[in-house]
Amino acid sequence: MNMHEPLEGLFTSSRLLILDFAGIPAGTPAEESMQQFFALCERRGINPRLPEQRQAFNDRLLKRTGARYLVSRYGEDRAAMLAGSEIARQGRTLHIGIDVFCRNLETVYAPCDGDIIRTGQEPEDHSYGYYLVLRPRATPDVAFFFGHLSARLPALGPVRAGQPIARLGDFTAHENGGWSRHLHIQMVKELPPKPLTPDGYATPEQFAQAAQNCPSPLPYFPEWQIST
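Residues numbered from 1 in each chain as written. Predicted model: local features only at pLDDT ≥ 70, side-chain atom pairs only at ≥ 80, totals over all residues. Heavy atoms only, no water.

**A closer look at the sheet that holds strand E8 (residues 143-149)**
Reasoning step 1: Strand order in the open sheet formed by nine strands is E9-E6-E7-E8-E11-E4-E2-E1-E13, and the pairing between neighbours is mixed. The sheet is open, and its two borders are formed by strand E9 (157-159) and strand E13 (226-227), each paired with just one other strand.
Reasoning step 2: Bridging between E8 and strand E11 (residues 182-188) involves five bridges; their strand directions are antiparallel. Paired with Phe145 across the two strands is Gln186, which belongs to E11.
Reasoning step 3: Taken strand by strand, helix H2 (residues 51-65) contacts strand E1 (14-16), strand E2 (69-71) and strand E4 (98-102), and its axis lies near 75° from that of E4. (Pairing = 2+ DSSP bridges. Helix = DSSP H or I, 4+ residues; strand = E, 2+ residues; numbered from the N terminus. Contact = heavy atoms within 4.5 Å. Axes fitted to C-alpha atoms, helices over the stretch in contact; angles between N-to-C directions.)

**Things to note about unusual backbone geometry**
What you tend to see is this: most non-glycine residues have negative phi, and most peptide bonds are trans.
Reasoning step 1: Cis rather than trans, the peptide bond between Lys194 and Pro195 has omega equal to 0°.
Reasoning step 2: Along the chain, Pro195 falls in the loop between E11 and strand E12 (201-202).
Reasoning step 3: A positive phi angle, near 75°, is found at His148, a position not held by glycine.
Reasoning step 4: Position of His148 relative to the elements: it lies in strand E8.

**Here we look at the packing of helix H1 (residues 34-43) against H2**
The description of two packed helices rests on the angle between their axes and on the distance between the axes.
Reasoning step 1: H2 packs onto H1 with a crossing angle of 135° between their chain directions and a minimal axis gap of 12 Å. Considering their axes alone, H1 and H2 lie oblique with respect to each other. Crossing of H1 over H2 shows right-handed handedness. Together, Met34, Phe37, Phe38 and Cys41 of H1 and Gln53, Arg54, Phe57, Asn58 and Arg60 of H2 make up the contact between the two elements. (Parallel < 35°, antiparallel > 145°, perpendicular 65-115°, else oblique. Left-handed = near helix turned anticlockwise from the far one by under 90°.)

**Re the packing of aromatic side chains**
Reasoning step 1: Tallied over the full model, the rule gives 12 aromatic pairs.
Reasoning step 2: Ring centres of Phe21 and Phe38 lie 5.4 Å apart, and the angle between their planes is 80°; on these two criteria the pair is classed as edge-to-face. One end of the pair, Phe21, is in the loop between E1 and H1; the other, Phe38, is in helix H1, and 17 residues separate them in sequence.
Reasoning step 3: Among the residues examined, Phe21 registers a relative accessible area of 14% and is labelled buried.
Reasoning step 4: An angle of 50° between the planes, with centres 6.0 Å apart, marks the rings of Tyr74 and Phe207 as tilted. Taken together, the positions of Tyr74 in the loop between E2 and helix H3 (79-82) and Phe207 in helix H5 (residues 207-213) put the pair 133 residues apart, joining distant regions of the chain. (Phe/Tyr/Trp six-rings, centres within 6.5 Å; stacked < 30°, edge-to-face > 60°. Buried < 20%, exposed > 50% of the residue type's maximum accessible area, 1.4 Å probe, protein only.)

**Quick word on the environment of Leu10**
Reasoning step 1: Its place among the elements puts Leu10 in the segment before E1.
Reasoning step 2: On the basis of relative accessible area, Leu10 is assigned to the buried category, the value being 0%.
Reasoning step 3: Spatially, the C-alpha atom of Leu10 lies 20 Å from that of Ala143, the residues being 133 residues apart in sequence.
Reasoning step 4: Once residues within four sequence positions are removed from consideration, Leu10 is found in contact with Glu5, Tyr69, Val100 and Trp224.

**Examining the side chain of Thr107**
Reasoning step 1: Relative to the helices and strands, Thr107 is located in strand E5 (residues 107-109).
Reasoning step 2: Polar side-chain contacts of Thr107 include one of 2.8 Å to the side chain of Arg167.
Reasoning step 3: With residues up to four places along the chain from it excluded, the contact list for Thr107 reads Pro6, Leu7, Pro164, Ala166 and Arg167. (Polar contact = N/O pair within 3.5 Å; in protein donor to acceptor, adjacent residues only side chain to side chain.)

**Details of the environment of Phe145**
Reasoning step 1: Here Phe145 shows up in strand E8.
Reasoning step 2: For Phe145, a relative accessible area of 1% puts it in the buried group.
Reasoning step 3: C-alpha of Phe145 to C-alpha of Pro198: the two residues are 53 residues apart in sequence and 8.3 Å apart in space.
Reasoning step 4: Non-local contacts of Phe145, meaning those with residues more than four positions away in its chain, are made with Tyr128, Tyr131, Leu132, Val133, His184, Ile185, Gln186, Val188, Thr197 and Pro198.

**Comments concerning the nonpolar core**
Across soluble globular proteins, nonpolar side chains show a tendency to be buried alongside one another.
Reasoning step 1: In this structure, Val108, Leu134, Phe144, Phe146, Leu149 and Ile165 are the most contacted members of the largest nonpolar core, which totals 29 residues.
Reasoning step 2: Contributing elements (two or more residues each) for this core: E2, E4, strand E7 (129-136), E8, strand E10 (164-167) and E11.
Reasoning step 3: Setting aside residues up to four positions removed in sequence, Phe146 forms contacts with Pro6, Val108, Pro111, Tyr130, Tyr131, Leu132, Ile165, Leu183, His184 and Ile185.
Reasoning step 4: Counting residues in hydrophobic clusters, the runner-up holds 17 residues, among them Leu19, Phe21, Met34 and Phe37. (Core = buried A, V, L, I, M, F, W, Y, C linked by side-chain atoms within 4.5 Å.)

**Some details on the pattern of salt bridges**
Reasoning step 1: Per the counting criterion, the structure on display carries 11 salt bridges.
Reasoning step 2: Its salt-bridge partner being Arg68, residue Glu106 comes within 2.9 Å of it at the nearest N-O pair. Taken together, the positions of Glu106 in the loop between E4 and E5 and Arg68 in the loop between H2 and E2 put the pair 38 residues apart, joining distant regions of the chain.
Reasoning step 3: A single salt-bridge network, built from bridges that share partners, covers Glu8, Arg68 and Glu106. (Salt bridge = Lys/Arg side-chain N within 4 Å of Asp/Glu carboxyl O.)

Have a look at this one:
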């Protein structure tokens, strides 16, 4: 199945952003290290977890590298970044999707022919905010879950590959769950019943089972090359 870019330029202008502090290579410039950014903020008495601080870091890194998007790894451990949150207290620190961070509120495109089968909102802080679920026609056994969208969600029903279906939400408008601007992409085989949404994080003990239901999205986009 040939996939359309869910964000314009995603396949050609993406750069890896490592959010597992233990996985950041030694010698990474301070301007490109999330760990060093957190340490600098904390020395200055600034909360680095605030969405405006994360957005400022992302914007600087995008400008520095000339990339349009910063893409996280699937299955990475974000314990250091999530410290103090309810997610971390539950031990659910392994991310079972990928995040695509950007400067602007980009348009989201249908990656394939399919059907929008569910839309909704999680209004809480550190949630998905507005989201949608797209079921591909060619592979109906797995669905795309897109989170952190704007309030202007599409109608349920059929869509064509490349059709605009949403825009990214913003933390300033209380749309995206209180995060820096990004798209959460997760593959889901079995959706939980409404109004529940798929967990975006798992504990280390749960991860193997969670990955069976929510495999990495990257193999579905064979043209996607992420530079380091």
